[in-house]
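# Per-entry structural report
For reference, the chains in residue letters:
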Amino acid sequence: MNPGRVKAWLTAPALGLVVALVLPTVVVLLRLAFCRPAHGTGFYQPGSFTLEHFQRLFSGDGVALLAFTLGFALAVAAGVLLLVCPLVWPMRHWQGGWLLAGALLLLAPRLAGPLAPLVALKRVLPQGVLAAWLAEVYLILPYAALVLLGHLRGVDWTVLETARGLGARRSQVLRRIALPLALPGIWLAGQLALGWGLGAFLGPELLAGPAGRTLASDLHHQAFDNSRWPLAAAEGTVLLLLVGLVFLARPPRRWLGEAP
Amino acid sequence: MHGNEPSLTSAEPEAILRLSGVSFAHGGQTVLHGIDLALVAGTLTTLLGPSGSGKTTLLRIIAGHLQPAPGTVWLGGQNATHFPPEERGLGMVHQHLALFPHLSARRNISFGLEVRGVPRREACSRADATLDLVGLEVTARDRLPDTLSGGQKQRVAIGRALAFGPKLLLLDEPFTALDRQLRQQMRGELKRIQRESGVTTLLVTHDQEEALGLSESIIALRDGRVVQQGAPAELYQRPRDPWLAGFLGDANLVTTGIFMRSQPGEVLLVRPEELLPGTRRDHGDGDCPLIGQAHSVSFRGASCLVTFEADGLFWKMLVPGENSPRVGDRIESILPATAGWNISRGCRP
């Protein structure tokens, strides 16, 4: 049996499980998003069809909610990238104990769970969007760092020395060699942070207050406080589409410096 | 630039590179001990030594990636010890080539020109001329390094180091990863490229065959010290050091003293090819017959290295491959009167 086929067989159970778990959820979510809301205690009116939830999302307050969510997510991604690049860059050469210590330092606070640092932040920062932003950056940073570190450690960085030997100044080496080579990792870390930021819930919910409501926190309110499950499902669908778009995006070829 | 340092231009007009007392320590261990050497313009010189002898460290000091402590690096008569790599104008080919994986073969080569301000179009046109020189096919020029063969990558790496017209080309064991046939081919190509471009070249290698076959001059390095510098034939036939004699090829190193040739305690070098097959009847005045039994036989194709024991000593002798003896066969050979080199005295016996 060829190695490709062996790999496919080994991957099949995990892939099957993911499909089995995700696909029905997505189908239910999509179906629910187009149903009319129920009256009284029911979740929705079975067999009904409407676009009103999406119309509501793309008009008036809905647009403001979407815009805020997008802006918040972009700010989280930017914050993560600004921190993660200088944090991880020196770690690309670390070996043995140093690497382990660095990785633990990145992960250890996160291993305590998301609530502990958020409660701590709530004690030291005034309630607001800034505190929520800081919390979300803090929560996703270790994952983004590991993604970027994994990429950077796979690159042969002797090319930087080579570039200087060929006459390139430090700034030229950074712009023409280091950045294009690091970009796939930076891009992936950015995608992760942006995807995370779009779905930000805990930070806005606990630290931002009503002024910092995102799509995810509004979804929670619509479903559990207002019992408007179809609207919540429509918000979930939009969120899913946005996150999907984020992960499908690829960096422009010229950013990677690819051959003409 | 250290303006108060004297220029060596007048003293050494032809030395494009000169190292004076270059030492280097790393982790409390001295890697290089006061290296002095000079490279004559237009020549291909080899820095030869075993692993851990400090070759790559010395090359990195010359390239400006490491600082000697103490020591001085002179480039074209200028004290360049503290020049950063980008100001030295040297082309370097790394052991693992270190091609820019995100740039095509052509863009790899034009990189050195572009960072010097040459417009992209002109840089690419000059890169094509360099690619012609190194012999890279037109169809491979727009491909990324990952899609090139080992030989093509070598050509790109050499071309990239040559394209901007360096004062000196540094090659750090560039052929190590190639198979034997390709290595032979690339050695020939390097020789041709060096001859056509006329660039002074310093090649680092641990391969004696490569050093002897390629270079006009060899600098032998051991434990961070220069053992000897000279023409390949000089080092091979007249080494100053028993270790170098053995490192450069198969050698009989006799220390027990041989009548009329060496005294006990002196080291006499006799290369296997200097021993001639023959019988006691064939030898002339001063020739020394050696008769014994084959102890081991190593077949090498065209020739065969036979180790035999005679008069209590083990001798290595080359015989034609078709006359390969078997272990235990009787071996008759002659050590001619003119053969051998007395390493201790530095003269013929």
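Our subject is the structure listed above.
### A short note on the overall build of chain A
Helix and strand content of chain A: 12 helices and zero strands. Listing every helix and strand of chain A by position from the N terminus yields α-α-α-α-α-α-α-α-α-α-α-α. Counting only C-alpha atoms and orienting by the principal axes, one finds that chain A spans roughly 75 × 60 × 40 Å. Contacts in chain A between residues at least 24 apart in sequence constitute 69% of all its contacts with a sequence separation of at least 6. Carbon together with sulfur atoms contributes 72% to the accessible area of chain A, which is approximately 14300 Å² in total. In chain A, the 20 positive side-chain charges and the 10 negative ones have mean positions that sit 10 Å from each other.

### Let's talk about the sheet that holds strand β1 (residues 15-26) of chain B
Note on sheets: strands pair through backbone hydrogen bonds, and any given pair is parallel or antiparallel. Residues and elements named next belong to chain B. One open sheet holds the four strands; their spatial order is β2-β1-β4-β5, and the pairing between them is antiparallel. Two strands close off the open sheet at either side, each with one partner strand: β2 (29-40) and β5 (78-79). Here β1 pairs with β2 via eight bridges, running antiparallel. For Leu 19, the partnering residue across the bridge sits in β2 and is Leu 37. Against the sheet, helix α1 (residues 55-63) touches β1, β2 and β4 (72-75), its axis set at about 120° to β1.

### Remarks on a nonpolar patch on the surface
Nonpolar side chains collect at one region of the surface, where Leu 15, Val 19, Leu 23 and Val 27 of chain A lie side by side and expose about 370 Å² of accessible area between them. Topologically, Val 27 of chain A is positioned in helix α1 (residues 3-33).

### Description of the pairing of strand β17 (residues 330-335) of chain B
Residues in a regular strand project their side chains so that they alternate between the two faces of the sheet. Residue and element names in this part refer to chain B. Sheet topology note: the strand β13 (residues 276-277)/β17 ladder contains two bridges and is antiparallel. Within β17, the position partnered with Pro 277 by the bridge is Ser 333. Examined bridge by bridge, strand β14 (residues 288-299) and β17 share six bridges and lie antiparallel to one another. Considered in β17, the bridge of Cys 288 is made with Leu 335.

### Section: the interface of chain B and chain A
Contacts between chain B and chain A engage 25 residues on the former and 22 residues on the latter. The interface formed by chain B and chain A holds three salt bridges in total. One salt bridge in this structure joins Glu 161 of chain A and Arg 60 of chain B, with 2.6 Å as the shortest N-O distance. Viewed at the interface, chain A and chain B are joined by seven residue pairs in polar contact (both at pLDDT 80 or more). Looking at the side of chain B that touches chain A, the elements with two or more residues in it are α2 (105-114) and α4 (150-162) of chain B. Split into classes, the residues belonging to the side of chain B that touches chain A amount to 13 nonpolar, five polar and seven charged.

### Describing the pairing of strand β7 (residues 168-172) of chain B
All names here are of chain B. Buried residues dominate β7, accounting for five of its five residues. The pairing of strand β6 (residues 90-93) with β7 spans four bridges and is parallel. In the sheet register, Met 92 faces β7, and the bridge partner there is Leu 170. Alignment of β7 against strand β8 (residues 200-205), held across five bridges, turns out to be parallel. Each bridged residue has a counterpart across the sheet, and for Leu 170 the counterpart in β8 is Leu 202. With helix α5 (residues 180-197) bridging β7 and the parallel β8, this β-α-β connection has right-handed handedness.

### A word on the environment of Thr 237 of chain A
Mapped onto the elements of the fold, Thr 237 of chain A is located in helix α11 (residues 229-248). Setting aside residues no more than four positions away along its own chain, Thr 237 of chain A makes contact with Leu 29, Leu 30, Ala 33 and Phe 54 of chain A.

### Brief notes about unusual backbone geometry
Residue and element names in this part refer to chain B. Ala 69 connects to Pro 70 through a cis peptide bond whose omega is -5°. Checked against the element boundaries, Pro 70 lands in the loop between α1 and β4. Backbone geometry at Glu 173 places phi at a positive 40°, although glycine is not the residue there. Relative to the assigned elements, Glu 173 resides in the loop between β7 and α5. One non-glycine residue, Asp 223, lies in the positive phi region at around 50°.

### Here's the deal with the side chain of Gln 194 of chain B
Structurally, the position occupied by Gln 194 of chain B is in helix α5. For Gln 194 of chain B, the side chain forms a polar contact with the main-chain oxygen of Gly 42 of chain B, separated by 3.1 Å.

What counts, and at which threshold
- Residues numbered from 1 in each chain as written.
- Chains lettered and ligands numbered in written order.
- Predicted model: local features only at pLDDT ≥ 70, side-chain atom pairs only at ≥ 80, totals over all residues.
- Heavy atoms only, no water.
- Helix = DSSP H or I, 4+ residues; strand = E, 2+ residues; numbered from the N terminus.
- Contact = heavy atoms within 4.5 Å.
- Areas by Shrake-Rupley, 256 points an atom, 1.4 Å probe, with all protein chains shown as cover.
- Lys, Arg positive; Asp, Glu negative; His and termini not counted.
- Charge placed at Lys NZ, Arg CZ, Asp CG, Glu CD.
- Pairing = 2+ DSSP bridges.
- Axes fitted to C-alpha atoms, helices over the stretch in contact; angles between N-to-C directions.
- Patch = residues over 30% accessible without salt bridge, like charges linked within 9 Å, V, L, I, M, F, W, Y side chains within 5 Å.
- Salt bridge = Lys/Arg side-chain N within 4 Å of Asp/Glu carboxyl O.
- Polar contact = N/O pair within 3.5 Å; in protein donor to acceptor, adjacent residues only side chain to side chain.
- Nonpolar A, V, L, I, M, F, W, Y, C, P; charged D, E, K, R; others polar.
- Buried < 20%, exposed > 50% of the residue type's maximum accessible area, 1.4 Å probe, protein only.
- Right-handed = clockwise from strand over helix to strand, strands pointing away.

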